[in-house]
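# Summary of structural features
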Amino acid sequence: QVQLVESGGGLVQAGGSLRLSCAASGSIFSINAMGWYRQAPGKQREPVTTTGGTTDSVKGRFTISRDNGKNTMYLQMNSLKPEDTAVYYCYAQGLTLRRQSFQSWGQGTQVTVSS
């Protein structure tokens, strides 16, 4: 079983910055892909930045990074806009110690950007 725990969300004024963290733990053999998604009120969950790329609306403002030794992923968010307000979720897929594939989601962390 693999668990993902996000942290770092909060309330920030437009133009400000936040850094989200996602720590993976459990029976992990390898992580093949990690990414960030978000879901705004009344909207569907959408990818922010994944192995497939970064959504146009955050390019140049959001940066994803990983510390493979700690199984931790980060999302540095700069120049935040009110439309970035959403619950942010991290996602990971890989292999457990039993060489079984897994796909896991974190519980989500709220990011609110005030104008």
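Our structure's up above, just so we're on the same page.
Because the structure is a prediction, the values reported are computed rather than measured. (Residues numbered from 1 in each chain as written. Predicted model: local features only at pLDDT ≥ 70, side-chain atom pairs only at ≥ 80, totals over all residues. Heavy atoms only, no water.)

Turning our eyes to something else, we now look at the state of the cysteines. Under the criterion given, the structure shown has one disulfide. Covalently, Cys22 is tied to Cys90 through a disulfide, its sulfur atoms 2.1 Å apart. One quick way to see it: the torsion about the S-S bond of Cys22 and Cys90 is about 60°, and its sign makes the bridge right-handed. Linking Cys22 in strand β3 (residues 18-26) with Cys90 in strand β9 (residues 86-96), this pair joins segments that are 68 residues apart in sequence. Each member of the pair, Cys22 together with Cys90, is buried. (Disulfide = S-S within 2.5 Å. Helix = DSSP H or I, 4+ residues; strand = E, 2+ residues; numbered from the N terminus. Buried < 20%, exposed > 50% of the residue type's maximum accessible area, 1.4 Å probe, protein only.)

This part covers the packing of aromatic side chains. Applying the stated criterion across every chain yields a total of three aromatic pairs. Residues Tyr37 and Tyr91 carry aromatic rings whose centres are separated by 6.1 Å and whose planes lie at 75° to one another, so their mutual orientation is edge-to-face. Remark: Tyr91 occurs in strand β9 and Tyr37 occurs in strand β4 (residues 28-39); sequence separation between them is 54 residues. Looking at Tyr91, the relative accessible area reads 11%, which means it is buried. Relative to Trp105, the ring of Tyr37 lies with its centre 4.9 Å away and its plane at 65°, an arrangement referred to as edge-to-face. Here Tyr37, found in strand β4, pairs with Trp105, found in strand β10 (residues 101-105); they are 68 residues apart in sequence, far enough to count as distant. (Phe/Tyr/Trp six-rings, centres within 6.5 Å; stacked < 30°, edge-to-face > 60°.)

The strand order across the open sheet built from four strands is β1-β3-β8-β7, with neighbouring strands paired in antiparallel fashion. Either end of the sheet is taken by a strand with one partner, and the two such strands are β1 (2-7) and β7 (62-67). Going from strand to strand, the sheet's axes swing by 15° on average, the running direction of each strand aside. Examined bridge by bridge, β3 and strand β8 (residues 72-77) share six bridges and lie antiparallel to one another. Across the sheet, residue Arg19 finds its bridge partner in β8, namely Gln76. (Pairing = 2+ DSSP bridges. Axes fitted to C-alpha atoms, helices over the stretch in contact; angles between N-to-C directions.)

Shape descriptors only; they carry no functional weight alone.
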